[in-house]
Structure formats: structure tokens, C-alpha cells
Amino acid sequence: SGDLKKVEQSDAIIVVGTKIATDNPALRYKITQASKRAKAEVIYMHPIEDSLLKNVVTQFVKYEAGSEEGVLALLAKVLLEERSLGEELQEFIDQLDEGYICAESSVGEEEIFSIAKRLKRKKSFSLILGPDLYAHPRAKNIAALAGLIQRYTDFDVVLIPSQTNTLGVSLICDL
């Protein structure tokens, strides 16, 4: 549901699964503009820190390469808290073992709680998902988690095209 204009107007941006500076410089520019204009919280989650975004990123969360599904599950759990979900979805979220997922992904529980705290007073949200997630062996589960976040939160999900010709396709897909 997101696009470049929404990213630029967001005051809270989470980036997962992309080294944004090289994967999509135009999107990096929009994030920088959001940081300057809207004083956006920019939470960058990736196995490798992006030195070109050091001045923009307010929280860097380093995770183990290949643990993107766990990272999205942790995000979903914290973002869907206090949301009215169906009984089956609520049971799924409640049964996620945060301790185990944090240990496997090397993301600390305090980092996830810090994300939730940073987002408390924000009004316009973007979740940017990159090509690392598309090629993941559990991409379908990652897409389902991203779909939950888009459907039950105020986040606009932006999919970074893996190649230039895939942008149009990503705009017509539903998670």
C-alpha cells in the first residue's frame, strides 16, 4: 500500500532486507527527506550496517543473515500488540516464542521493545521490504507476516523492486 511519496511523508520508517543505499538510491533519498522534514524515526534492520545512512538511521538492528522470517515475526508481534485480531491470528501471535526467535536471529528483546517505544507518538508509518526477503527460502511466510502488518496496523508496506522491470508487478500484487 506504500509508495515513494508516502515514505517521504512518514515520520516512522522501518527498513528490512535491503541495503537501501545500493539497492534503491531514489528510496534512500526519500528516507533522507523524511528524516530532515518530518524528523522521522528510521529503523534500519539488516545484517550489514549501511554507512551511507549513518546520519539518518535512529536505530540500527543487526540480525543474522537468513533469519529474516524471525525478524518479521518479532516485528509483527510487537506491532500487532493491542490490536483486535481474530481468535486464530491472536493465538498465532501469542504463541510466538520471542526468546527463541531473538536467540536465533541475534535480535535482542530490548531492541524490539525500543522499536515499539520509538513508534508510540508517530502518526505516519512505512515498512520497506527489500530483495533479501524475496529470495529467502521461507518467503511465503515472510509475505504472510508482512500482509498481517499491512492489514492490521497503520503501516504502509513498500516493496523494493528486485530489478527495474519488477516495479509494475509489485504494485499490482497483494500480500
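Residues numbered from 1 in each chain as written. Predicted model: local features only at pLDDT ≥ 70, side-chain atom pairs only at ≥ 80, totals over all residues. Heavy atoms only, no water.

1. Points about the sheet that holds strand E4 (residues 125-129)
Thinking step 1. Pairing is parallel in the open sheet, where 5 strands are placed in the order E3-E2-E1-E4-E5. The sheet is open, and its two borders are formed by strand E3 (59-61) and strand E5 (155-159), each paired with just one other strand. Direction aside, the axes of adjacent strands within the sheet are offset by 15° on average.
Thinking step 2. The strands touched by helix H3 (residues 25-37) are strand E1 (12-16), strand E2 (41-45) and E4; relative to E1, the strand with the most contacts, the crossing angle is about 150°. (Pairing = 2+ DSSP bridges. Helix = DSSP H or I, 4+ residues; strand = E, 2+ residues; numbered from the N terminus. Axes fitted to C-alpha atoms, helices over the stretch in contact; angles between N-to-C directions. Contact = heavy atoms within 4.5 Å.)

2. Considering the pairing of E1
Thinking step 1. In terms of burial, E1 is a largely internal element, 5 of the 5 residues being buried.
Thinking step 2. Here E1 shows two buried faces, one formed by Ala12, Ile14 and Val16 and the other by Ile13 and Val15.
Thinking step 3. As paired elements, E1 and E2 share 5 bridges and run parallel to each other. The partner of Val16 across the bridge, within E2, is Met45. (Buried < 20%, exposed > 50% of the residue type's maximum accessible area, 1.4 Å probe, protein only.)

3. Some details on the environment of Glu98
Thinking step 1. By secondary structure assignment, the location of Glu98 is in helix H6 (residues 98-105).
Thinking step 2. Between the alpha carbons of Glu98 and Gly70 there is a distance of 9.1 Å; along the sequence they are 28 residues apart.
Thinking step 3. Setting aside its immediate chain neighbours within four residues, Glu98 contacts Leu74, Lys77, Glu109 and Phe113.

4. A closer look at the packing of helix H4 (residues 68-79) against helix H9 (residues 139-152)
Thinking step 1. Where H4 contacts H9, the two axes come as close as 9 Å, and the packing angle between them is 20°. Relative to H9, H4 is oriented roughly parallel. Relative to H9, H4 is oriented so that their crossing is left-handed. Packed against H4, whose contacting residues are Glu68, Glu69, Leu72, Ala73, Leu75, Ala76 and Leu79, the element H9 presents Asn141, Ile142, Leu145, Ala146 and Ile149 at the interface.
Thinking step 2. Here the contact of H4 with H9 is built from residues that sort into 9 nonpolar, 1 polar and 2 charged. (Parallel < 35°, antiparallel > 145°, perpendicular 65-115°, else oblique. Left-handed = near helix turned anticlockwise from the far one by under 90°. Nonpolar A, V, L, I, M, F, W, Y, C, P; charged D, E, K, R; others polar.)

5. Structural notes on the environment of Ile149
Thinking step 1. Within the element layout of this structure, Ile149 appears in helix H9.
Thinking step 2. Placed 73 residues apart in sequence, Ile149 and Ala76 show a C-alpha to C-alpha distance of 6.0 Å.

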